[in-house]
Amino acid sequence: MRGWVGALRAAVTGSGSVPGTFRERFDFGGRDVASWFPGHMAKGDGVGAGGLITPHTTRRPSASAVLQAYGRCGSPCAAPTASSSAHIPLSGRNPALQEALGIRPHVLVLNKTDLADPRRQMTVLEHLKQRGCSNIVFTDCQHDDNIKKIVPLVAKLVSNSPRYHRSESNEYNILVIGVPNVGKSSLINSLRRLHLKKGKATAVGGEPGVTKAVLTRIQVCEKPLMYLVDTPGVLPPKLWDVETGMKLALCGAIRDHLVGEDIMADYLLYTLNKRQQFGYVQRYGLAAACDNIEAVLRCVALTQARTQKVKVLTGTGNVNMMMLNYPAAAYKFLQDFRAGRLGRVTLD
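As the structure is a prediction and not an experimental result, all values here were calculated from the model. (Residues numbered from 1 in each chain as written. Predicted model: local features only at pLDDT ≥ 70, side-chain atom pairs only at ≥ 80, totals over all residues. Heavy atoms only, no water.)

Novice: Just checking my understanding: could you explain the pattern of salt bridges for this structure?
Specialist: When the charged atoms of two side chains lie near each other, side chains of opposite charge can form a pair. Counted according to the given criterion, the structure contains 10 salt bridges. In this structure, R283 and D336 form a salt bridge, with 3.0 Å as the shortest nitrogen-oxygen distance. Remark: D336 occurs in helix 12 (residues 326–338) and R283 occurs in helix 10 (residues 279–284); sequence separation between them is 53 residues. Under the relative-accessibility criterion, R283 is labelled partly exposed at 30%. Residue D336 is joined to R341 by a salt bridge in which the shortest nitrogen-to-oxygen separation is 2.8 Å. You can call R341 partly exposed: its relative accessible area is 42%. Salt bridges sharing common partners tie together R283, K332, D336 and R341. (Salt bridge = Lys/Arg side-chain N within 4 Å of Asp/Glu carboxyl O. Helix = DSSP H or I, 4+ residues; strand = E, 2+ residues; numbered from the N terminus. Buried < 20%, exposed > 50% of the residue type's maximum accessible area, 1.4 Å probe, protein only.)

Novice: What am I meant to see in the nonpolar core here?
Specialist: Side chains of nonpolar character tend, in soluble globular proteins, to be buried together. L250, Y280, Y284, L286, V296 and F333 are the most contacted members of the largest nonpolar core, which has 43 residues in total. Counting residues per element, the ones that place at least two in this core are helix 7 (242–250), helix 9 (261–274), helix 10, helix 11 (293–303) and helix 12. When residues in this core are grouped by element, the largest group, 8 residues, is from helix 9. If we ignore the near neighbours within four places in the chain, the residues touching F333 are A265, L268, L269, L272, Y280, Y284, I293, V296, L297 and L342. Residues I150, I174, L191 and V220 belong to the second largest nonpolar core, which totals 24 residues. (Core = buried A, V, L, I, M, F, W, Y, C linked by side-chain atoms within 4.5 Å. Contact = heavy atoms within 4.5 Å.)

Laid out in structure tokens, this is it:
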């Protein structure tokens, strides 16, 4: 990780400092973005590659469908269901998981739409349909309007599938897959609350890696009898596209320290300016939008009280001084983005 002095010096020399002028491209400085691939993610990858959805296994439930979930725009489950974030409706899809869908019906759930730019929704929808995604649901787990559509849609797709009629069981087993931190567990909890009036069945968190178990069935509906299988978020062992990796990191799919809060904050500023999303100007008290990460973080530190006490050795003794805490300011900048305090932003 680059040191903060070097990072901020690079920001000063490499960023546009004239108000209203912004970088046309982001310089990654030849660095790579690490993939976060711990043991539980490897197990989840094995499940997605066929473990849970292989009908020939005897110890694992066969999946009727897949629900694919995406952080700021979509998610998948088990008929298959996939989940993703509406922030990253395209970058948030793991190519390795697409093979898990097979011929089973699947629904793409684009979650956290309350954080995504609504003006981009139709463009995203059209792009995904061109990629073969025909069953797409935009959701926000804070509200139940579109959550209500998932169970009827999955039941209809599975019932119309010829594979379903070969099964002796009338229950639906839905596999939920997706990259880390797109709201898969929140989606399951929302479905249970809506259809069973039950509380949380699976832990949720704002960082990747909260879900580690891979074979637990959770009932979400009585009529029809439907179970979802929550899985750990899975990233490919290697991210070939640095910019895709950075978008995943901004949405919390990769732990911050593996990429570096400094470059993540700078990339976020570059992206906000590129998208003409200037909510940070008012929030942090800047005079105008700017492309200088040091100037932005200085204002973040001042307005959000991100300071630190530093002991300075002088000729007359030690003196305590208050200094701006740039690492804490960068982390606050990232957290405000993830919480929607800088506006509704779609990174793709």
